[in-house]
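Listed here are the chains, written in short residue letters.
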Amino acid sequence: MAEANKEVKLSLDQVFNLYQTQRNQLEGIAQQMNTLNNYVIDVNNAEQSMKELQENTANEILFSIGSGVHIAAELKDLKKVKVNLGVDIFEDMSLDNTKTFLEKKKADLVKVMERLKQQEQELLKSIAGLEQVLNAAQHKMVEAQKAQQAQGNVKKPLPIIS
């Protein structure tokens, strides 16, 4: 049976590569969070539009076709709406079922965002640890360089890791 706490030794280059990889993963999570947040905003807008449809007594709306251009439209049936289930597959749903659909969709998005937030926190802890290792290694290199300079063995300065 393998030991649970095996010691792994990494070179400074490997630690730096792991640091860079995790920084890139962190950026990817930020992009995903932004995309998911936009989806939540879209669902909120749809919920608000549904509420306004239910309150509409004139059966007329202004429909946006983009770039600030709208068309006046008359609503035929306020009892059902067409819901895109994905890949342009539509289903007729009652307003109540649509509301439930949107609530579930938003709840699913929030769950994914919570998991990403947890991954982000784990990555931040790991990155902080790697930064400590890299900073300690840099400090040791600077001290070694100073010692060599004091002995007359001058070498070019080491790059600073940030």
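Because the structure is a prediction, the values reported are computed rather than measured. (Residues numbered from 1 in each chain as written. Predicted model: local features only at pLDDT ≥ 70, side-chain atom pairs only at ≥ 80, totals over all residues. Heavy atoms only, no water.)

Peer 1: For a nonpolar patch on the surface, give the residues involved together with the corresponding values.
Peer 2: On the surface, Phe63, Ile65, Val69 and Ile71 cluster together into a nonpolar patch covering about 370 Å² of accessible area. Relative to the helices and strands, Phe63 resides in strand 1 (residues 60-66). (Patch = residues over 30% accessible without salt bridge, like charges linked within 9 Å, V, L, I, M, F, W, Y side chains within 5 Å. Areas by Shrake-Rupley, 256 points an atom, 1.4 Å probe, with all protein chains shown as cover. Salt bridge = Lys/Arg side-chain N within 4 Å of Asp/Glu carboxyl O. Helix = DSSP H or I, 4+ residues; strand = E, 2+ residues; numbered from the N terminus.)

Peer 1: Let's hear about helix 1 (residues 12-55): which residues, and what values?
Peer 2: Here helix 1 spans 64 Å end to end across 44 residues, near enough to the 64 Å set by a 1.5 Å rise per residue. Within the span of helix 1, buried status applies to Val15, Tyr19, Gln22, Leu26, Ile29, Met33, Leu36, Val40, Val43, Met50 and Leu53. Packed against the buried residues of helix 1 are strand 1, strand 3 (80-86) and helix 2 (95-150). (Expected span 1.5 Å × (residues − 1). Buried < 20%, exposed > 50% of the residue type's maximum accessible area, 1.4 Å probe, protein only. Contact = heavy atoms within 4.5 Å.)

Peer 1: Tell me what's going on with the pairing of strand 3, and back it up with residues and numbers.
Peer 2: With six bridges connecting them, strand 3 and strand 4 (residues 89-94) associate as antiparallel partners. Bridge pairing links Gly86 to Ile89 in strand 4. What sits between strand 3 and strand 4 in their antiparallel hairpin is a turn of two residues, with Val87 showing a positive phi close to 50°. (Pairing = 2+ DSSP bridges.)

Peer 1: Give me the environment of Asn5: which residues, what numbers.
Peer 2: Tracing the backbone shows Asn5 in the segment before helix 1. For the pair Asn5 and Val142, spaced 137 residues apart in sequence, the C-alpha to C-alpha distance is 32 Å.

Peer 1: Give a description of the pairing of strand 1 that names residues and reports values.
Peer 2: Here six bridges tie strand 1 to strand 2 (residues 69-74), and the two strands are oriented antiparallel to one another. Following the sheet pairing, Ile61 is matched in strand 2 by Ala73.

Peer 1: Tell me about unusual backbone geometry, and please be specific about residues and values.
Peer 2: Keep in mind that most residues, glycine aside, have a negative phi and that most peptide bonds are trans. Of note, Val87 is a non-glycine position whose phi angle comes to about 50°, a positive value. Along the chain, the position of Val87 falls in the loop between strand 3 and strand 4. Judged by its relative accessible area of 81%, Val87 falls in the exposed class. For Asp88, which is not glycine, the phi torsion reads 55° and is therefore positive. Checked against the element boundaries, Asp88 lands in the loop between strand 3 and strand 4.

Keep in mind these numbers describe shape, not what the thing actually does.
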